[in-house]
Each structure stands twice: as structure tokens, then as C-alpha cells.
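Commentary on secondary and tertiary structure
Take a look at the letters that make up each chain.
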Amino acid sequence: MKKSWNRIWLLAAIGALAAGSAWAQSGNKPITFLVPFTAGSGTDIVARLVAETMQRNMGQTIVVENRPGAGGSIASAQVARAEADGHLVLIPSSSHAVNPAVYPSLPYDTLRDLTGVTALAALPNVMVTSAGKGYKSVADAVAAAKAKPGQLNYASAGVGSATHLNAEKFRLQAGIEATHVPYRGTPEALADVMGERVDWFFSPLSSALPLIRDGKVVPLAVSTATRHAALPNVPTTVEAGVPGSDFVFWVGMVVSAKTPPAIVERLHAEATKALADPAVVERLGRQGAVPYPMSTAEFNQFIRTEMDAAARIARAANLKPQ
């Protein structure tokens, strides 16, 4: 047993040295976290919290850069073709698993060209509307949509985004027709909810929570299977009468598939260490999020499962780029 443990520690030490050597060859080059959505989005908030702690722990600069567009596929393509040295890291949301079903000609293969490091956080979406729309419940919104098929509209943070897939799953399960209005990102979608230009939006809770607390938007339901502690009086969409509509918005860490295993392991170790930090757990909680770490093998299998589920919804909703 003792020899076995010694071997494990030796292999771990060799891996850490290899990762450190690979990064050292690039000098003091900063690590860039590429976020496929706008600043202020749920994905961006998680990325910045994790980056701050990893930077402090590693003693290495980490820059968070926003590169929105095409449901996150623009940023994904950049990481897929980047130098595989661990200095360009994708921080995607659930849209990472949606894009292959929505964009038939992606300039990369999600499973072949990219590899998951770990999931970072899970957070609910919350269905929000404006007080001026007059919807007091999910039932009100569904009834209005059924009374005027195709005339009501709903926002998303872009075609193929997690907010889009959540809305489509809800629409299909509720049996309603409504018009999709894609935006550049979550902040823009929330602005038009407040401006009463759209009827509802499944926003990441982290982005909507301050507006809910200030009374600027009205929460109708959360997307997860159980209620959220931040909004204990707000039902789930299932409780609100739409069975099978639950949806989890996740944020993860992905790199080029050509990245040396030692660097992937180092990133995984540093990310999971950051997610275990009590201050990070507390700050994520304030945003309505919870740490969601997985092993690299678990996360890559999770991505495959999510891709299958997304493909089924995309086919049913006939999702296409706009």
C-alpha cells in the first residue's frame, strides 16, 4: 500500500512539474479566460469569480476577455485553433452543448477539437417579466400565449444560448407558440424586459437577482427542479404547471483538445481548489450559483449527454441560426 501511494505522489509531482515547465516556456504570458458572452452575463460573473481566486493561488495573471456571438461558437472556434499551451481557456455555458445542434457548419468539432477541464458552477435561470405586462404567474403568461398564438415574444441571450434552449424547452412543454427575439447578451435582453419590449426572458439568476431585489423585473418561476434559496417564494416552472420544463444552466472550463494532459490536470486542480474556497462558495451563493466541479472524464461525458439532450430539443423546436 505504501509503495502504491508513493507511486501516486510521484506521478502527481511529475505531472505538476511538466505543467509548470510548459507554462514557464511561455514566460510571463497571462492566461486568458475567453467568455463567449457579454460582460454581466451569468457566465461572465462565474468566470471572474473563479479567475480572481485562481490568479491569487497560482501567482499568475489571468485576464477575462468577452467574445460574444453565435451562441458562443465564435469564442469556441478561437480556442479550438489556438496554441494548445493552456494560456487560452474557454469558459462556456450550456450553449457549448447546444451549438452543434443549431449551427450545422461549425468551424470546429466540439468533441474532437475541444476537451473539458471541469464544470465550474450551476445556476438556475429565472423567468422574468415586467410589472407592466400584467403577468402574475406562469399560468398567466401561458394563458396569454395560448389566447394569441405567435403574438407574444420572449428574449434570449442569442440563438443557441442556454437561455434560448431553456425558453424553447419551456415553450414546447407548455404547448405554446411565441416569437423568439435573440439579443447580443443577457444585459441587453434584461433591458428590453424592463422596457416591456418582450414578454419574458429566462435569465441567469445571477444577472437578474439585483433587478428582482430592486423591483425592476418580476420573477415568475425558476428553471431548476427545486426552488432556490435566494427566491424561496418563487415556484419552479414544474410547480407552476409546466411538467418536464426544468433546466439547469451550467458554466464550465474547456481547452483545446491538443493541450498536454499535465496542463489540463493543473488547470483542473487549480479550478477545483478555487471552487472549494469558502469565499468563492459564499460569493457564488450570493449570485444564486453553486460550485459544480467534476473530474475531466465526468465533465466530458456530461458534455456528450448534454449534447444529446440539446439535439432532441433543437429538432423538436426546429432551431436554426437567425
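Residues numbered from 1 in each chain as written. Predicted model: local features only at pLDDT ≥ 70, side-chain atom pairs only at ≥ 80, totals over all residues. Heavy atoms only, no water.

**Topic: the nonpolar core**
Residues Phe33, Met54, Ile91, Leu120 and Met253 are the most contacted members of the largest nonpolar core, which totals 63 residues. Excluding its chain neighbours within four sequence positions, the residues that come into contact with Leu120 are Val46, Val50, Ile91, Val251, Gly252, Met253, Ala271, Leu275, Val290, Pro291 and Tyr292. (Core = buried A, V, L, I, M, F, W, Y, C linked by side-chain atoms within 4.5 Å. Buried < 20%, exposed > 50% of the residue type's maximum accessible area, 1.4 Å probe, protein only. Contact = heavy atoms within 4.5 Å.)

**Side note on the pairing of strand β6 (residues 153-156)**
Alternating positions in β6 separate into two faces, Asn153 and Ala155 on one and Tyr154 and Ser156 on the other, with burial throughout. Pairing analysis gives four bridges linking β6 to strand β7 (residues 179-182), with the strands arranged parallel. Pairing of Ala155 across the sheet is with Val181, part of β7. Read as a crossover between parallel neighbours, the route from β6 over helix α7 (residues 162-174) to β7 is right-handed. With two bridges connecting them, β6 and strand β8 (residues 200-204) associate as parallel partners. Bridged to Ala155 within β8 is Phe201. (Helix = DSSP H or I, 4+ residues; strand = E, 2+ residues; numbered from the N terminus. Pairing = 2+ DSSP bridges. Right-handed = clockwise from strand over helix to strand, strands pointing away.)

**Looking at the pattern of salt bridges**
Pairing is possible between side chains of opposite charge, provided their charged atoms come close. With the rule as written, the count across this model stands at 14 salt bridges. We note a salt bridge from Glu168 to Arg171, for which the minimum N-O separation is 2.9 Å. Here Arg171 and Glu168 lie together in helix α7, a separation of three residues that amounts to about one turn. Given a relative accessible area of 3%, Glu168 falls into the buried group. Of the residues examined, Arg171 reaches a relative accessible area of 10% and is grouped as buried. Three or more residues joined by partner-sharing salt bridges are found here, namely Glu168, Arg171 and Glu177. (Salt bridge = Lys/Arg side-chain N within 4 Å of Asp/Glu carboxyl O.)

**A look at the sheet that holds β8**
Taken in spatial order, the five strands make up an open sheet running β7-β6-β8-β5-β9, and their pairing is mixed. The open sheet terminates on both sides in strands that have one partner only, identified here as β7 and β9 (218-222). When strand polarity is set aside, the average angle formed by the axes of neighbouring strands in this sheet is 30 degrees. Where α7 meets the sheet, it contacts β5 (125-129), β6, β7 and β8, and its direction lies at approximately 130 degrees from that of β8. Those strands touched by helix α8 (residues 186-194) are β5, β6 and β8, and its axis lies near 145 degrees from that of β8. (Axes fitted to C-alpha atoms, helices over the stretch in contact; angles between N-to-C directions.)

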